[in-house]
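So you can see what is in the structure, the chains are spelled out below.
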Amino acid sequence: MSRFASRASLIATSVATLIGAAVVAACGGGGGGSSLPPPPPPPVPSSSPILNGTAQVATASTYPAFTYAPATSAQVVFSCGCSTQAGTATTDSSGNFTLVANSTPTPSAPNPTYTVVPGRNYIAVATTAAGAEAWNTIFAGSKPSRNLYLNGSNGTSDVFTAAVSLYVYYFSPQEGTGNPGTAFDNWNFHNLVNWYGTLKSSPNGAETQLLNDIASQSGANQTLYPAPPSWNTSHPTNSTIKSDLNSVQSSGDPAIPTPCPTTGCTNTPSP
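Residues numbered from 1 in each chain as written. Predicted model: local features only at pLDDT ≥ 70, side-chain atom pairs only at ≥ 80, totals over all residues. Heavy atoms only, no water.

## Focus on the state of the cysteines
Here, the word disulfide means a covalent bond between the sulfur atoms of two cysteines. Operational definition: Throughout, a disulfide means two cysteine sulfur atoms within 2.5 Å of one another. Each residue is placed in one exposure class: buried if its accessible area under a 1.4 Å probe, protein chains only, is under 20% of its type's maximum, exposed if it is over 50%, and partly exposed if it falls in between.
Following the criterion strictly, the structure yields two disulfides and no others. Residue pairing for Cys80: its cysteine sulfur links by disulfide to Cys82, the two sulfurs lying 1.8 Å apart. Around the S-S axis, the bridge from Cys80 to Cys82 shows a dihedral of about -140° and counts as left-handed. Judged by its relative accessible area of 23%, Cys82 is partly exposed. Across the disulfide, Cys260 is cross-linked to Cys265 (sulfur-sulfur distance 1.8 Å). Here the disulfide of Cys260 and Cys265 is right-handed, its torsion about the S-S bond being about 95°. Among the residues examined, Cys265 registers a relative accessible area of 29% and is labelled partly exposed. By sequence order of its bonded cysteines, the protein has the disulfide arrangement 1-2, 3-4.

Right, here's the structure in full:
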């Protein structure tokens, strides 16, 4: 080997040694060195539980002794009335349901998901295979422990939650035209809870008729919708419930809630 070749070989070996040492140092090997932290994972849509409840449908009887059955494997739609889409879910064998932060909407367009917004009221309607419906209204908190329910303790539906929810549904401003266009959210939830208590303890004549008709119509597996929803404009309606709601509105009960004024709701629950 020539003197020049030997020198070239020695240089190549030295360079390789230096490169290898640099790689070891960059990987944090020895000497207390540390590598840079890995980049954070990309954000993904939340699928954590937001609203929980139990759907039961009325089967018979009159005020105050209504009877119920769980809304087993029922289809659930829920909405704040903010758009022409609603979220969807399914109950289990006991009527329990969980409405997640981002769910499959109905209809499927224009948005690919339906998103729950903390601080809003959501009407949830569970429909059994036979056609009976359970209605409820839930206030969405920023976490499940801050959710609020009409009965004060849990999201179990009954004839009384149905009455409140149907009233809010029917007499809400049209979606997109209220203040600020959030229909079912345009009511102070505290006032809804107060009226729920009045309906259970001392309903007037018109309110009692509404409660009894909700039970009888549910027992006959009839829809309770007084008007078709924006997310399903071809949905059948119930003229009896519609007439009852109009009678309740003019019945003079001071506990009956009203939508918030154009200046907005005040003293509402905090999410």
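## With respect to the packing of helix H2 (residues 159-171) against helix H3 (residues 189-201)
Our working definition: Note on geometry: axes are C-alpha line fits, over the in-contact stretch for helices, and angles between N-to-C directions span 0 to 180 degrees. The numbering of helices and of strands both runs from the N terminus, where a helix is a DSSP run of H or I of at least 4 residues and a strand a run of E of at least 2. Between 65 and 115 degrees an angle is taken as roughly perpendicular, under 35 as roughly parallel, over 145 as roughly antiparallel, and anywhere else as oblique. Left-handed describes a crossing whose near helix is turned anticlockwise from the far helix through less than a right angle; right-handed describes the clockwise counterpart. Here, residues are in contact when the closest pair of their heavy atoms is within 4.5 Å.
For the pair H2 and H3, interaxial distance at closest approach is 9 Å and the crossing angle is 130°. Taken together, the axes of H2 and H3 lie oblique to each other. In the crossing of H2 with H3, the sense of the turn from one axis to the other is right-handed. Of H3, the residues touching H2 (which contributes Phe160, Thr161, Ala163, Val164, Tyr167 and Val168) are Leu192, Trp195, Tyr196, Leu199 and Lys200.

## So, the pairing of strand S10 (residues 121-127)
For clarity, the threshold we go by: In this description, strands pair whenever DSSP reports at least two bridges between them.
Most of S10 sits out of view: six of its seven residues are buried. For strand S4 (residues 75-79) and S10, the ladder comprises five bridges, and the chain directions are antiparallel. Across the sheet, the residue bridging to Ser79 is Ile123, located in S10. As consecutive antiparallel partners, S10 and strand S11 (residues 133-139) are separated by five residues, and within that stretch Gly131 has a phi angle of approximately 110°, a positive value.

## Digging into H3
Our working definition: Here a helix's expected span is defined as the number of its residues, less one, multiplied by 1.5 Å. Think of a polar contact as two N or O atoms within 3.5 Å of one another; within protein, one of them needs to be a possible hydrogen donor and the other a possible acceptor, and neighboring residues in sequence only count if both atoms come from side chains.
Here H3 contains 13 residues, and its C-alpha end-to-end distance of 19 Å stays within 8% of the 18 Å for a straight helix at 1.5 Å per residue. Along H3, the residues that are buried comprise Phe189, Leu192, Trp195, Tyr196, Thr198 and Leu199. Looking at the buried side of H3, the elements it contacts are S10, S11, strand S12 (148-149), H2, helix H4 (205-219) and helix H5 (239-249). Where H3 begins, one side-chain oxygen reaches toward the backbone nitrogen of His190, 2.9 Å away; that side chain belongs to Asn188.

## Re the environment of Ser218
Here Ser218 lies in helix H4. Sequence separation of Ser218 and Gly131 is 87 residues, and the distance between their C-alpha atoms is 8.3 Å. In this structure, Ser218 is in contact with Ala58, Ala132, Glu133 and Leu224, ignoring residues within four places of it in sequence. Within the structure, the side chain of Ser218 is placed 2.8 Å from the backbone oxygen of Ile214, a separation counted as a polar contact.

## Section: the packing of aromatic side chains
This is how it is decided: Pairing of aromatic side chains here covers Phe, Tyr and the six-membered ring of Trp, requires ring centres within 6.5 Å, and sorts the geometry by plane angle: under 30 degrees stacked, over 60 edge-to-face, intermediate tilted.
Tallied over the full model, the rule gives 14 aromatic pairs. With a centroid separation of 5.4 Å and 80° between ring planes, the pair formed by Trp135 and Tyr169 is classed as edge-to-face. Separated by 34 residues along the polypeptide, Trp135 in strand S11 and Tyr169 in helix H2 bring together distant segments of the chain. The exposure classification of Trp135 matches that of Tyr169, with both residues buried. Ring geometry for Phe139 versus Phe189: centroids 6.1 Å apart, planes at 45°, classification tilted.

## Thoughts on the pairing of strand S5 (residues 86-90)
Pairing of S4 with S5, which is carried by four bridges, proceeds in the antiparallel orientation. By the bridge assignment, Val77 is partnered in S5 with Thr88. Between S4 and S5, which pair antiparallel and follow one another directly, the connecting turn spans six residues, one of which, Gly81, has a positive phi of 75°. Sheet topology note: the S5/strand S8 (residues 105-106) ladder contains two bridges and is antiparallel. From the neighbouring strand, Ala86 faces S8, where its bridge partner is Thr106.

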